[in-house]
Amino acid sequence: MLEEDPDQTYENVLAEIQSFELPIEATLRSVYDDQPNAHKKFMEKLDACIRNHDKEIEKMCNFHHQGFVDAITELLKVRADAEKLKVQVTDTNRRFQDAGKEVIVQTEDIIRCRIQQRNITTVVEKLQLCLPVLEMYSKLKEQMSAKRYYSALKTMEQLENVYFPRVSQYRFCQLMVENLPKLREDIKEISMSDLKDFLESIRKHSDKIGETAMKQVLTVQDLVDFSPVYRCLHIYSVLGDEEAFENYYRKQRKKQARLVLQPQSNMHETVDGYRRYFTQIVGFFVVEDHILHVTQGLVTRAYTDELWNMALSKIIAVLRAHSSYCTDPDLVLELKNLIVIFADTLQGYGFPVNRLFDLLFEIRDQYNETLLKKWAGVFRDIFEEDNYSPIPIVNEEEYKIVISKFPFQDPDLEKQSFPKKFPMSQSVPHIYIQVKEFIYASLKFSESLHRSSTEIDDMLRKSTNLLLTRTLCSCLLNLIRKPHIGLTELVQIIINTTHLEQACKYLEDFITNITNISQETVHTTRLYGLSTFKDARHAAEGEIYTKLNQKIDEFVQLADYDWTMSEPDGRASGYLMDLINFLRSIFQVFTHLPGKVAQTACMSACQHLSTSLMQMLLDSELKQISMGAVQQFNLDVIQCELFASSEPVPGFQGDTLQLAFIDLRQLLDLFMVWDWSTYLADYGQPASKYLRVNPNTALTLLEKMKDTSKKNNIFAQFRKNDRDKQKLIETVVKQLRSLVNGMSQHT
């Protein structure tokens, strides 16, 4: 290529040298190797190239001279700082070198520590591999010492299957492996003996196990060592005779179940008898449940269900029989609580207990019956201790005490100054308090029965209704019929029942506050206080009428008329005035009664008095009556009429009360005025003056007077008219007999 174009070749060489892209040696060698005098020519070319570059540099320097001068000036300025920096860099480098020596030393120490750490890690890994084996073997030794043989067998299995293969290369492992068969033989010999001891032990301690389980404070494992069962089951399984072991175990446990379910004859006498019975049964089934869950196949769910159903039927029969003897509500309540705990405990172990809760509803009815009997005694005591007088209060404190016991509201009473009286007697607040106590007692049985508030509300209302309609009503009726209860007491009883009836709405509110069930609910049972106290009040009213009539009869029996007297005394009989005074005083007491009751009693008394007086006149034992006696009798009837017209009880319309004596008045008027012609002429007419006089009654009385006329000659002062009078009497008697006979034939 140089031969063809040497100048171009040199140019290329120079270009290559300036580019620094190829090795210079090879390029220069190509210049000297190709042609003679090539060095000279090349140098010429090189000098020319240098000159060109010098020119370019000179141009560039001229162009950049001022900048260069400025740069030199700046460099001179920083020269001193550069020298200081150099000194600092030098010093820093020296210190770094010194410090590096220590780092090198520490690094070497770290390397040695890392090596040691790696060795330690290796040792730890080996120890961690061996330690679990040693710990498990140590655990095995502890289990053997503690006679936990079943656990020991499980530990052996773990050692053989899991732990020994990991360390089989070590000599200590071989020693452990060789020792395991001997340990198994020892366990095998002990297990069967321990099983028999176990069965005997749980039979003796079933009540303790059950008591603990019912308190829910300990697990059964804390009380019973089940290792004999596990151990024997495992050994028999290994020997291939597991079925024989299961049959033996189940047979023995069924025998024990029959013994546990047999109650003591006097179990119903104390709560301890029931508690012992329940704890034994719970203990038995807790053990069986534990065996079911921790063993495979020794007992099955079907086996325990069959055993439980058999036991449950026996338990219900026993409880139904023994609870029927319980007459103490506290004992019945204790029994209920025990049954609930018993049921909840066994339900927690998976046994169905619905039949037990059904039994509780039967026992609840019995509990209510015992409560009713108890409260009947409470009510009787309250009635016996009552003085049947309005409650007196002398200050505000006593007033508040009564109000706190009984919901009484009367603005008029509040406005009155002290001393004052509540209208009811002491028995009313006591009865109200005891009804609330009964509700509380009834509620106690409903607790823990897992029933809704609606059901509890219904139970409370029904039991309270029984208390009101049966127990309290019966006690009130018995009280009312007692001989020593007089009219004043009966009046107070009526007042008391009125206030008790009004308090029933507060009892309903009381139950509502307990159950949070509104009274507006469709199915809410209402309290029957209205009908209860109304029946008692009606009975008391009837008793008032009866006793009042009896009292009237007592006064009437004191009557001592001289039926043959010729002239009246001119004043009413003493017995009758005493009777009227008594009636006035007793009707003053009746002012506290409802108006209708007082009016009825007053009307009944007047009618009974009228009837008694009429019967006295018509008594068959009375053979003769003089006109003087009739006149005396008329004076007494006038006093009766005056009493009736004095309005002894307010509220009668017009002469309504006087009409009670209308029969007597018309009869006596007929005899007093001797107006037989009018009577006979108007008989049967609606407007008759003597419409209420019965011919038979008039005939009976007239015959008594006729006999007296014959014997005593009562018309002696009218001797001129004796015959006419006698004829008139005989004529009237004949006409009356004719009327009576006609009435009889017509009838």
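Scoring rules and cut-offs
Residues numbered from 1 in each chain as written. Predicted model: local features only at pLDDT ≥ 70, side-chain atom pairs only at ≥ 80, totals over all residues. Heavy atoms only, no water. Helix = DSSP H or I, 4+ residues; strand = E, 2+ residues; numbered from the N terminus. Rg over C-alpha atoms; globule rule 2.2 N^0.38 Å. Buried < 20%, exposed > 50% of the residue type's maximum accessible area, 1.4 Å probe, protein only. Contact = heavy atoms within 4.5 Å. Lys, Arg positive; Asp, Glu negative; His and termini not counted. Charge placed at Lys NZ, Arg CZ, Asp CG, Glu CD. Patch = residues over 30% accessible without salt bridge, like charges linked within 9 Å, V, L, I, M, F, W, Y side chains within 5 Å. Areas by Shrake-Rupley, 256 points an atom, 1.4 Å probe, with all protein chains shown as cover. Salt bridge = Lys/Arg side-chain N within 4 Å of Asp/Glu carboxyl O. Phe/Tyr/Trp six-rings, centres within 6.5 Å; stacked < 30°, edge-to-face > 60°. Lys NZ or Arg CZ within 6 Å of the ring centre and 35° of its normal. Axes fitted to C-alpha atoms, helices over the stretch in contact; angles between N-to-C directions. Left-handed = near helix turned anticlockwise from the far one by under 90°. Nonpolar A, V, L, I, M, F, W, Y, C, P; charged D, E, K, R; others polar. Polar contact = N/O pair within 3.5 Å; in protein donor to acceptor, adjacent residues only side chain to side chain. Parallel < 35°, antiparallel > 145°, perpendicular 65-115°, else oblique. pLDDT = per-residue confidence, 0-100. Disulfide = S-S within 2.5 Å.

### Brief notes about the overall build of the protein
- Along the backbone of the protein there are 25 helices and two strands.
- For 747 residues, the compact-globule formula gives about 27 Å, and the C-alpha radius of gyration of the protein, at 63 Å, lies well above that figure.
- Once the C-alpha set of the protein is aligned to its principal axes, its extents read approximately 225 × 95 × 55 Å.
- Here the protein holds 747 residues, and 41% of them are scored as buried.
- Once local pairs closer than 6 in sequence are excluded, the contacts in the protein between residues at least 24 apart make up 78%.
- Separation of charge centres in the protein, based on 88 positive and 103 negative side chains, amounts to 7 Å.

### Overview of a nonpolar patch on the surface
- Residues Phe-68, Val-69, Ile-72, Leu-75, Leu-76 and Val-78 make up a contiguous nonpolar surface patch of roughly 530 Å² in combined accessible area.
- For Val-69, the position within the fold is in helix α3 (residues 38-145).

### Notes on the packing of aromatic side chains
- Evaluated as defined, the whole model comprises 28 aromatic pairs.
- Ring plane angle 80 degrees and centroid distance 5.1 Å describe the contact between Phe-284 and Phe-285, whose orientation is recorded as edge-to-face.
- Note on Phe-284: relative accessible area 1%, which makes it buried.
- Accessibility expressed as a relative area gives 3% for Phe-285, which makes it buried.
- Centre to centre, the rings of Trp-308 and Phe-342 are 6.4 Å apart; their planes meet at 40 degrees, and the pair counts as tilted. Of this pair, Trp-308 sits in helix α10 (residues 301-323) while Phe-342 sits in helix α11 (residues 329-348); the two residues are 34 residues apart in sequence, bridging distant segments of the chain. Of the two residues examined, Trp-308 and Phe-342, each falls in the buried class.
- Three or more aromatic residues link up through ring pairs in this structure, and these residues are Tyr-277, Phe-278, Phe-284, Phe-285, Trp-308, Phe-342 and Phe-351.
- We note Arg-250 situated over the ring of Tyr-303; from NZ or CZ to the ring centre the distance is 5.1 Å.
- In this structure, Lys-336 is placed above the aromatic ring of Phe-445, and the distance from its NZ or CZ to the ring centre is 5.9 Å.

### Describing the packing of helix α21 (residues 627-645) against helix α22 (residues 662-673)
- Two numbers describe how α21 lies on α22: the axes approach to 10 Å, and their chain directions differ by 145 degrees. Crossing angle aside, the handedness with which α21 passes α22 is left-handed. Contacts between α21 and α22 pair Met-627, Val-630, Gln-631, Phe-633, Asn-634, Val-637, Ile-638 and Glu-641 from the former with Leu-664, Arg-665, Leu-668, Phe-671 and Met-672 from the latter.
- Residues of the contact of α21 with α22, tallied by class, amount to nine nonpolar, two polar and two charged.

### Quick word on the environment of Arg-320
- Here Arg-320 is to be found in helix α10.
- Residue classification places Arg-320 among the partly exposed residues on the basis of a relative accessible area of 41%.
- In the structure, Arg-320 is positioned 197 residues away from Val-123 in sequence and 73 Å away in space, judged by C-alpha atoms.
- Once residues lying within four places of it in the same chain are set aside, the contact partners of Arg-320 are Leu-359 and Glu-362.
- Reaching out from Arg-320, the side chain makes a polar contact with the side chain of Glu-362 at a distance of 3.0 Å.

### Quick word on the packing of helix α15 (residues 427-446) against helix α16 (residues 453-481)
- Where α15 contacts α16, the two axes come as close as 10 Å, and the packing angle between them is 140 degrees. Taken together, α15 and α16 sit at an angle that is classed as oblique. α16 is crossed by α15, and the crossing has right-handed handedness. For the pair α15 and α16, contact is made by Ile-431, Val-435, Phe-438, Ile-439, Ser-442, Leu-443 and Ser-446 and by Ile-456, Met-459, Leu-460, Ser-463, Thr-464, Leu-467, Leu-468 and Leu-472, respectively.
- Tallied by class, the residues present in the contact of α15 with α16 amount to eleven nonpolar, four polar and no charged.

### What to know about the pattern of salt bridges
- In total, this model carries 22 salt bridges according to the counting rule given.
- Residues Asp-109 and Arg-112 are paired through a salt bridge, measuring 1.8 Å at the closest nitrogen-oxygen approach. Residue Asp-109 and its partner Arg-112 are both found in helix α3; the two are separated by three residues, about one turn of the helix.
- What makes Asp-109 partly exposed here is its relative accessible area of 31%.
- For the salt bridge of Glu-501 with Arg-537, the shortest nitrogen-to-oxygen distance reads 2.6 Å. In this pair, Glu-501 sits in helix α17 (residues 487-515) while Arg-537 sits in helix α18 (residues 529-556), placing the two residues 36 residues apart along the sequence.
- Looking at Arg-537, the relative accessible area reads 11%, which means it is buried.
- By sharing partners, the salt bridges in this structure join Asp-91, Arg-94, Arg-95 and Asp-98 into a single network.

### Points about the side chain of Thr-464
- Among the secondary structure elements, Thr-464 is positioned in helix α16.
- The contact partners of Thr-464, leaving out residues within four places of it in the chain, are Val-435, Phe-438, Ile-439, Ile-511 and Leu-527.

### Describing the side chain of Thr-512
- Among the secondary structure elements, Thr-512 is positioned in helix α17.
- Since its relative accessible area comes to 15%, Thr-512 is described here as buried.
- From its side chain, Thr-512 meets the backbone oxygen of Glu-508 in a polar contact 2.9 Å long.

### Observations regarding unusual backbone geometry
- Each neighbour pair has its own omega, and for Phe-418 with Pro-419 the value is -5 degrees, a cis peptide bond.
- Along the chain, the position of Pro-419 falls in the loop between α14 (411-415) and β2 (420-421).
- Phi is positive for Tyr-388, close to 55 degrees, though the residue is something other than glycine.
- Relative to the elements of secondary structure, Tyr-388 occurs in the loop between α12 (354-385) and β1 (392-393).
- In this structure Tyr-388 comes out as buried when scored by relative accessible area, which is 7%.

### What about the environment of Thr-678?
- Looking at where Thr-678 falls in the secondary structure, it is placed in helix α23 (residues 676-682).
- Assessed through its relative accessible area of 24%, Thr-678 is described here as partly exposed.
- A sequence separation of eleven residues divides Thr-678 from Lys-689, and the C-alpha atoms of the two residues are 8.0 Å apart.

### Concerning the confidence of the model for the protein
- Confidence in the prediction of the protein, expressed as mean pLDDT, is 84, and 91% of residues score 70 or more.
- The weakest mean pLDDT in the protein belongs to helix α2 (residues 24-34) at 64; the strongest belongs to α21 at 93.

### A look at the state of the cysteines
- Inspection of the entire model under this criterion finds zero disulfides.
- The structure places no disulfide on Cys-173, whose sulfur is separated from the nearest cysteine sulfur, that of Cys-130, by 8.8 Å.
- For Cys-173, a relative accessible area of 1% corresponds to the buried category.

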